[in-house]
Amino acid sequence: FKRQKAYIQFLQKRVVVKNRENRLVNLRDMPKKPKTVYALFREDIKEEVPSGKGEGKGMNFVKNKFSEIDADAKLKYKQKEAELREQYDEEMKSYKEGETWKEFTKTSGKIKREMLTEAMKVMTLKFLNDAPKEPPKTAFAIFVGEKRQAVGEEGAPKKKSRQAAKDEVAEYKAEWAKLDKETQNVYDEKRKEKTKQWEAEVKTYMELPKWKEYMEEAKTLKVPVRSLLHRKKKVIKKLKNGMKLQPLPDRPESMPSKPPKARRIFFLEKRNDVDDFAKLQEMWDSLSEEEKSQYTAKEAEMQKDYQETLKAFHESDEGKQYAKKVRVIQKSRATAVAKDKFLTDMPKKPLGHLQLFFRDKVKELKKARPDLKGADLKAEITNSWKTMSDEERSVYQEKGKTLFQEYEAKLGEFKETENYKKFESTMKKLKKPVKKASGAPSKPVSMPSKPPDVIKLFKEKAGAGKKAAEISEAFRELPAEEKEKLREQAAEAFNEYEEQMKEWKSTEEGKKYMKETAALAKRRRLATAKEKFLKDEPKRPPNAVALFRNEKRSEYAPQFPDLKGLRLNGKLSEIYRGLPEEEKKVYEDMAKEKNDEYLEQLEEFQKSAEYKKYLAVAKPKAKAAGKAKAAKKETKKGPPIPDSMPKKPPKAMTLFMAANKGGGGLAEQAKAWKELGEEGQKKYTEEAKDKAEEYEKDLEDFKKTAEGKKYYRLKAAADKKSRIENARAQCLGGEDAPKAPKPAHNAYQLFVQEKRPGLAAEKKSLGEIAKELSAMWGKCSEEEKQPYEEKARKSKEEYDEALKEYKSSEGYKKFEKRRAAIERKPKPKGRAKAKSKTKGKGRAKAKAKGKAKPSEKAADSDSDSDVMGSDSDSTSSSSSD
């Protein structure tokens, strides 16, 4: 009877009747909804309203009449409606706290649950009973089913008391626990097979017309559709902080599965020959070493195939995409867990001054203008803020500033806690870029496998299926002779492995792998040293523009509400560039003061034990002796040397030559200098040293002046520009060199090209022509703009093709490589020193050829850098900036 349509109609009508009865009984005293503006207006003109419905009658007449009255009268009705609505909300709030409302909601829930329960019973009877029966969900359930079949319980199990069923399951659990892992895996394989078969049957069932009828009826009765495939949707775990843990992506079908071990291969092969899977372990133990070696060989072969297939999968597009997805999700999960674990007590950021104004104004504006919604409401509040006086704004700005200062104080205290430090440490590890080059190189297939040690050897022979603690205990109880025998076998296998490795390392593949491994070890060593010893290294302070942006962001942000992030930064930088020099100087002085403080801190840090420990771990190599003398120096056009710039002092021998005028030519003077000896040269050496120290001091003072900063900045820019132009001339200046294509015009530029001649004939100024063209373009419809956009698109495609061809040329690639090297930003002095000491073999070889003499080193230090490097002057200027 319940399968018939009449019963379903009865259920639907019963819900309607019960809900109506519930409302009549429990909502009799509920406050009535307030009248709308039209209803209020209708009361005042009720004698004029024609009765009936339709055009010009009833509410239609009222709405037309309401639209004719003035704005003040409309506002009066709207305010009255808002008052009534507020009064109604308060009455409803107090009413919902009463017993009558609670009884109504309780009864409504009861009616809904009753309908849902009965409807689900009907749907199950009518449709779901015929669906394929779900298989056991665990390997243990398969084991229990087979045990019951073995004792004669075919089909559904006989009814037992609760205690008897409980005892039976406990007995089966004890038997299950005695099984080794491989035997349990056999049951799990059987479960997977049954599940796969069931899923195929379910898919077939869901394609039948009966399932479509079920879907339609479930929608009519408003009951949830039962998912027959229970693994169709993955559960996303929610954390305390509201964040969600994303599930890992499904394994691609092309990704190979790890092959089974030798013992499992045997189990899978023999499982159909036995009634009880527990006997498989006894059969394996009874095999001889020769018989076992067959399965071991199969395992090795399958393992080799697996490694090759896995490598091919990782190199494929699908494999790379899967690995990327896994990395992203794992990082997201780790971040969510870290925040949930360490940042639960972190203070929340307060509202800014603009948000505080919005919060206060929105209630007032909604009451006065109830017709405003969404974007219109926001626009009205924004206009109110812009039209406010500075005094009114300052109230919100001061309040926002006070709240933010309190928040910063609390945040500063929180950042000193252990939880925040642990969170920062976790995030630093997550932020490290994951690159293939920085990861461990994959082991080649040809690389010999390391043999098992004594314990693993013992486990293979006598400890299969046992836990690690049991294996260790069993090994300790072995007689000394057996232990010695196992040790000899392990040592013999290891010696053979070492010989194979030695031979393998001499191959090309072995050399490549060992080189990659050594490079990885070096990178990890340096990364660990930086993280451990350079964590207290002072951070570079912001420059003048950044200081201006940080100070003025809260002031200018409300004036440009559409600009966010980098776009707002760009606008603030533009404002800074337009400031008078006097105002700029304030920020430049602040930046200089902070930079001087940073340089002092950096110099102090480089004297610390931590920095010395870092240098010791980094194992810096000696600096290269410099470029070969045969290398031609580039002639550069730089800024003129200021008169106030200190002149370089003479060397000791130059001072001697000045004092010994008339002592002959350079050869005679050099001979006389040499004959003086160390004692005689001491006077000139000390004088030269004093002059050099005085020069260094004067030079440092000069670098801090505005003139010095300007000179070194211009010199660095001129050097860089000269080197780039030289590189361009060498790579792209020849007659046969490729020429860059002209950029394509956009739709507006094409429009301007077409219309400008007509406007230019009217003898208008360039500014007037530009304004008129812009206005003409703005008035064009989408259809009128379409031809220009089509031309622009074709022009862009042609340009992209030509640019691609130009950039793929050898000359352009060579120039780009050289320019990138020239434009590379210089490191801070401390880091640059450490890096220069760890440079590659090329400079070390230059050092090995012979050191430059002291006088030559001094001369080299004055020279400009080559095309591929950066000189000391540019470094100085960048530091001072």
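Just so you know, these numbers come straight off a predicted model, no measurement behind them.

**Q** Looking at this model, I keep getting lost on the overall build of the protein. Mind explaining?
**A** Scanning the protein from terminus to terminus reveals 36 helices and two strands. Taken across its 881 residues, the protein has 28% of its residues classed as buried. In the protein, of all internal contacts separated by at least 6 residues, the share reaching a separation of at least 24 is 75%.

**Q** Is there a simple way to think about the packing of aromatic side chains in this case?
**A** Any pair of aromatic rings gets described here by the distance separating the centres and the angle formed by the planes. This structure, assessed with the given rule, holds 43 aromatic pairs. Aromatic pair Phe 41 and Phe 66: ring centres 5.5 Å apart, planes at 75°, arrangement edge-to-face. Pair noted here: Phe 41 is in helix 2 (residues 37–44) and Phe 66 is in helix 3 (residues 58–68), with a separation of 25 residues, a long-range link. Each ring, one from Phe 656 and one from Tyr 684, has its centre 5.5 Å from the other, and the planes form 80°; the classification is edge-to-face. Here the residue Phe 656 occupies a position in helix 26 (residues 652–659), and Tyr 684 occupies one in helix 27 (residues 666–704), the gap between them amounting to 28 residues.

**Q** Sorry if this is basic, but what is going on with unusual backbone geometry here?
**A** Only a minority of non-glycine residues have a phi that is not negative, and only a minority of peptide bonds are not trans. Positive phi, close to 60°, is recorded for Lys 222, a residue that is not glycine. With respect to the secondary-structure elements, Lys 222 resides in the loop between helix 9 (209–221) and strand 1 (237–238). Classification of Lys 222 by relative accessible area gives exposed; the value is 73%.

**Q** Explanation requested: a positive patch on the surface in the structure shown.
**A** Together, Lys 181, Lys 443, Lys 450, Lys 456 and Lys 459 line one region of the surface with positive charge. Along the polypeptide, Lys 459 turns up in helix 18 (residues 454–462).

**Q** Even after reading the chapter, I still don't get the confidence of the model for the protein, so can you show me in this structure?
**A** When pLDDT drops low, the exact placement of atoms in the prediction is not to be read closely. Confidence in the prediction for the protein averages 79 pLDDT; 85% of positions are at 70 or higher. When the elements of the protein are averaged for pLDDT, helix 36 (residues 872–880) gives the smallest value, 37, and helix 1 (residues 5–26) the largest, 90. Residue range residues 830–881 is modelled with pLDDT below 50. Its contacts to residues more than four positions away, or to other chains, number 79 contacts.

**Q** Where do I start with the packing of helix 12 (residues 289–315) against helix 13 (residues 317–342) in this structure?
**A** Geometrically, a packed helix pair is captured by the angle between its two axes and the distance between the axes. Look at helix 12 against helix 13: their axes get within 4 Å of each other, and the N-to-C directions meet at 75°. With respect to helix 13, the axis of helix 12 lies roughly perpendicular. Contact residues: Phe 313, His 314 and Glu 315 in helix 12; Asp 317, Gly 319, Lys 320 and Tyr 322 in helix 13. Its residues assigned to classes, the contact of helix 12 with helix 13 shows two nonpolar, two polar and three charged.

**Q** Where do I start with helix 30 (residues 766–779) in this structure?
**A** Side chains three or four residues apart in an α-helix point the same way, a direct result of the helix having 3.6 residues per turn. End to end, helix 30 covers 20 Å across 14 residues, agreeing with the expected 20 Å (1.5 Å per residue, within 8%). All buried positions along helix 30 are accounted for by Ile 769, Leu 773 and Trp 777. Buried residues along helix 30 cover an arc of 65° about the axis, so they all sit on one side. Seen from the open side of helix 30, the exposed residues pointing more than 90 degrees away from its buried face are Lys 771, Gly 778 and Lys 779.

**Q** Looking at this structure, how should I read the nonpolar core?
**A** The nonpolar side chains of a soluble globular protein tend to be buried, and buried together. Ranked by size, the top nonpolar core spans 20 residues in total, and within it Phe 143, Trp 176, Tyr 187, Trp 284 and Tyr 295 carry the most contacts. Secondary-structure elements contributing two or more residues to this core are helix 6 (139–150), helix 7 (162–178), helix 8 (181–205), helix 10 (262–270) and helix 11 (279–285). In terms of residue count, helix 6 provides more of this core than any other element does, five residues in total. Setting aside residues no more than four positions away along its own chain, Tyr 187 makes contact with Ala 139, Ile 142, Phe 143, Glu 146, Trp 176, Leu 179, Asp 276 and Phe 277. Counting 18 residues, the second-largest nonpolar core is a separate cluster that includes Ile 8, Met 115, Phe 127 and Tyr 214.

**Q** What is the right way to look at the pattern of salt bridges in this model?
**A** Close approach of charged atoms allows side chains of opposite charge to pair. In the structure shown here, the tally under the stated rule is 25 salt bridges. Within the structure, one salt-bridge network assembled from shared partners comprises Asp 188, Arg 191 and Lys 192.

**Q** Just to check I follow, could you spell out the environment of Pro 561 for this structure?
**A** Here Pro 561 shows up in the loop between helix 22 (544–556) and helix 23 (565–577). Assessed through its relative accessible area of 29%, Pro 561 is described here as partly exposed.

Reading the values: rules and limits
Residues numbered from 1 in each chain as written. Predicted model: local features only at pLDDT ≥ 70, side-chain atom pairs only at ≥ 80, totals over all residues. Heavy atoms only, no water. Helix = DSSP H or I, 4+ residues; strand = E, 2+ residues; numbered from the N terminus. Buried < 20%, exposed > 50% of the residue type's maximum accessible area, 1.4 Å probe, protein only. Contact = heavy atoms within 4.5 Å. Phe/Tyr/Trp six-rings, centres within 6.5 Å; stacked < 30°, edge-to-face > 60°. Patch = residues over 30% accessible without salt bridge, like charges linked within 9 Å, V, L, I, M, F, W, Y side chains within 5 Å. Areas by Shrake-Rupley, 256 points an atom, 1.4 Å probe, with all protein chains shown as cover. Salt bridge = Lys/Arg side-chain N within 4 Å of Asp/Glu carboxyl O. Lys, Arg positive; Asp, Glu negative; His and termini not counted. Charge placed at Lys NZ, Arg CZ, Asp CG, Glu CD. pLDDT = per-residue confidence, 0-100. Axes fitted to C-alpha atoms, helices over the stretch in contact; angles between N-to-C directions. Parallel < 35°, antiparallel > 145°, perpendicular 65-115°, else oblique. Nonpolar A, V, L, I, M, F, W, Y, C, P; charged D, E, K, R; others polar. Expected span 1.5 Å × (residues − 1). Arc of directions from axis to C-beta. Core = buried A, V, L, I, M, F, W, Y, C linked by side-chain atoms within 4.5 Å.

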